Each structure stands twice: as structure tokens, then as C-alpha cells.
Amino acid sequence: MSEKHISRAQQLIPAIDLKVISQGAEAIVFQTKTHPYSSHPYLKNHSQFIIKYRPPKPYRHSKIDAQITKTRTAGEAKFMYKLSKLGIACPALISCDLNNGIIWMENLGIDLPNGNVSSVKNWLWYLENEGREDDCTSDTVKEVCYKVGQLIGRLHLADMIHGDLTTSNLILTGSQDLWEPALIDFGLSSFSGLAEDKAVDLYVLERSVTSTHSVFAKLYNSWLLDGYESAHSLKEYKKFGKAKHTETIKRLEEVRLRGRKRSMLG
Ligand code: AMP
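Note that the structure is a prediction, hence the values are computed from the model and not measured.

Of all five residues that make up strand β3 (residues 49–53), five are buried, and the element is covered over most of its length. Burial along β3 is two-sided: Phe 49, Ile 51 and Tyr 53 and Ile 50 and Lys 52, pointing in opposite directions, are all buried. In this structure, strand β2 (residues 28–32) lies alongside β3, joined through five bridges in antiparallel fashion. From the neighbouring strand, Gln 31 faces β3, where its bridge partner is Ile 50.

Dropping the structure here:
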């Protein structure tokens, strides 16, 4: 992503402080202290917001590109809105400009003592780098993994698929005494009731944990799956929760097998 895209964003959102915090192939993410329509002093003093901007892609025909940007931005905003309505932790949607590919949302997370934002990935790396093995396998880590699993279980029970579950797309909110995980980045999200789609979602997370936190991955993944199962026994899902869970986990085993075969074939 080039300076050109950053200055275009600045033109679209004039006179607003923008700090780039991430640049991906699909979008640039900015942090700002400015709320799009409220000048309440509380917001001025306490809050940071996130602006996700999808710049035009020069390699696409401009009309098709405009349509894709609009569809993806609307899809992501709708997904976040639905999650919030269901009480599944994610950033609150503040405003969006579909034609220009802009979503304004709540900033989640806090800075860890090493200055990095509290994604699950950064937090686990922080604990690992501190070099104290018992911190990495503590009840706090167990509880966070369990809560993450539970969050994903609730997402899947609503027939919602994240599409890119990695430990970077899970942000820890609250404080070090009581972390609450939340989901971010719904650029690849979709709606599906298929066990296959849910199993692939879980498999992607399992692979992300294995590649980024290899030493304790087995433990973390088993805690995640315990939490995932627990969501299915919540009383609102009593009728069908257990059957859905069994079906998804059976599929997950098949997806893992396919993954292993593929990696053996290179
Ligand atoms: P995304 O393109 O949505 O994956 O965002 C890229 C990065 O920006 C993430 O890995 C986070 O570090 C950060 N980010 C995105 N949305 C938020 C948010 N609502 N609160 C805090 N950080 C965020």
C-alpha cells in the first residue's frame, strides 16, 4: 500500500488525525482520536477509534472495483452489526461510507507492557518471551483460550463464519486481571449453517495457534475446543447444541485429515 492511498484516505476524511496501524493487501487500518459525529468531551479525552479503509485496486476495472469495495465494506459492517446485536464481542460499528470503502469502529484492546496491542497473538508471545513457562500454561491463559473457544462456539451457533480466524484477529479487552476476548476483521466472513464451513473455521484457528505458538499449541488448542464445546451446552442451545457440536467436530477430524494429506503431497 502506498503513500498515495494514505493521502487519498486523508482527502476523504479531511482535518482528522490519522495514524496508520496496519497496511494489508485489502485495507489500511488507521487509529484516530476523532469520533465521526460526536464532539462529546468524554470521547475527546478517552477514546481512540479505528478507521478501516479499502482503497481502489488499480488492477480491477474501476466500475467492478467500486462494486466489490461497496459489497465487501457493507458485508463487513453488517456482520459486525449482527454480532453486536447477538452480544458476541466485536468492535462497535460507528459509521460507514460504503462508496469510499470506509468503516469507522470502536478501538479495542489495550497496550501490553511492551507497547504492542493486546491481540491474543501478542499477549501469548509476550508471555512466552518473558521466559516463564508457568505463565504460558497458567489458569489465566487457560481461561482466555476457553473464552475464545466459547466466543467462536456462539458465533457458529448463530450460523456465522469468521473466515480468517487467527490469534491476531482476536483482541483481548478489559485488563490483565480479567481479559475478555473479542473478534475483529470480518473481511472474509459469511453466513453458513454447514458443519464443513464451521470445521474449516476451527481448523484455520488451530493451524494459526500451531504455527505461532508451537511450544504450547496442543494445550491451547485443547482449551479452545473445551470452550467451543461449552458454548453448545448453554441453555439457549439445549435443543440442538450437542448434535451440532458432534457434527462439527466430526467434520473437523475430516478437515484435519485432508490438511495432513495435502501437506504430505507437498
Ligand atoms: P484488519 O485488517 O481488520 O485485520 O486489521 C489489521 C490490524 O489492525 C489488526 O491486526 C489489529 O491490530 C488492528 N485493528 C483492526 N481493528 C481493530 C479494532 N477495532 N481495535 C483495535 N485494533 C484493531
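Further remarks concern the domain arrangement of the protein chain. Along its sequence, the protein chain is carved into domain 1 (3–106) and domain 2 (120–265). The gap between the C-alpha centroids of domain 1 and domain 2 is 26 Å. Between domain 1 and domain 2, the contact holds 13 residues from the first and 16 residues from the second. Counting the surface lost from both domain 1 and domain 2, the interface buries some 1,200 Å², and carbon and sulfur atoms represent 74% of this. Taking the shortest distance from any N to any O, the salt bridge between Lys 52 and Asp 185 comes out at 3.0 Å. Summed over the shared surface of domain 1 and domain 2, the result is five residue pairs in polar contact (both at pLDDT 80 or more). It is helix α3 (residues 62–86) that provides the largest number of residues to the side of domain 1 that touches domain 2, a total of six residues. Taken together, the residues of the side of domain 1 that touches domain 2 break down into eight nonpolar, one polar and four charged.

Lining the immediate surroundings of the ligand are 14 residues, of which Ser 22, Lys 52, Glu 106, Leu 108 and Asp 185 lie closest. Between the ligand and Glu 106 there is a distance of 2.9 Å, counted from a nitrogen atom to a backbone nitrogen or oxygen. In the complex, 84% of the free accessible area of the ligand, which totals 470 Å², lies under the protein chains. Lining the shell around the ligand are residues from two domains, each supplying at least three of them: domain 1 (3–106) and domain 2 (120–265).

In this section: the packing of helix α6 (residues 139–157) against helix α7 (residues 195–212). Packing of α6 against α7 leaves a shortest axis separation of 11 Å and a crossing angle of 160°. In this view, α6 runs roughly antiparallel relative to α7, as classed from their interaxial angle. The interaxial crossing formed by α6 with α7 has right-handed handedness. Seen from α6, the contacting residues are Val 148, Ile 152, Leu 155 and His 156; seen from α7, they are Lys 198, Asp 201, Leu 202 and Leu 205.

Within the secondary structure, Arg 54 is located in the loop between β3 and α3. Within the structure, the side chain of Arg 54 is placed 2.9 Å from the side chain of Glu 26, a separation counted as a polar contact. The contacts of Arg 54, once residues within four sequence positions are left out, are Glu 26, Ala 27, Thr 69, Arg 72, Thr 73, Glu 76, Asn 100, Gly 101, Ile 103 and Gly 187.

Here we come to α6. With 19 residues, α6 extends 26 Å between its outermost C-alpha atoms, agreeing within 8% with the 27 Å of an ideal straight helix rising 1.5 Å per residue. Val 141, Val 144, Cys 145, Lys 147, Val 148, Gly 149, Leu 151, Ile 152, Gly 153, Leu 155, His 156 and Leu 157 are the residues of α6 that are buried. Just past α6, the residue Asp 159 takes up positive phi, approximately 60°.

Counting 45 residues, the largest nonpolar core has Leu 83, Trp 123, Val 141, Val 148, Leu 183, Leu 205 and Tyr 220 as its most contacted members. Among the elements that take part in this core, α6 stands out by supplying seven residues, more than any other. Mapping this core onto the domain boundaries places at least three of its residues in each of domain 1 (3–106) and domain 2 (120–265). Membership of the second largest hydrophobic core comes to 14 residues, among which are Ile 6, Ile 28, Phe 49 and Ile 102.

Conventions we followed
- Residues numbered from 1 in each chain as written.
- Predicted model: local features only at pLDDT ≥ 70, side-chain atom pairs only at ≥ 80, totals over all residues.
- Heavy atoms only, no water.
- Buried < 20%, exposed > 50% of the residue type's maximum accessible area, 1.4 Å probe, protein only.
- Helix = DSSP H or I, 4+ residues; strand = E, 2+ residues; numbered from the N terminus.
- Pairing = 2+ DSSP bridges.
- Domains from an automatic or database assignment.
- Contact = heavy atoms within 4.5 Å.
- Buried area = accessible area lost by both parts, 1.4 Å probe.
- Salt bridge = Lys/Arg side-chain N within 4 Å of Asp/Glu carboxyl O.
- Polar contact = N/O pair within 3.5 Å; in protein donor to acceptor, adjacent residues only side chain to side chain.
- Nonpolar A, V, L, I, M, F, W, Y, C, P; charged D, E, K, R; others polar.
- Near = heavy atom within 4 Å.
- Areas by Shrake-Rupley, 256 points an atom, 1.4 Å probe, with all protein chains shown as cover.
- Axes fitted to C-alpha atoms, helices over the stretch in contact; angles between N-to-C directions.
- Parallel < 35°, antiparallel > 145°, perpendicular 65-115°, else oblique.
- Left-handed = near helix turned anticlockwise from the far one by under 90°.
- Expected span 1.5 Å × (residues − 1).
- Core = buried A, V, L, I, M, F, W, Y, C linked by side-chain atoms within 4.5 Å.

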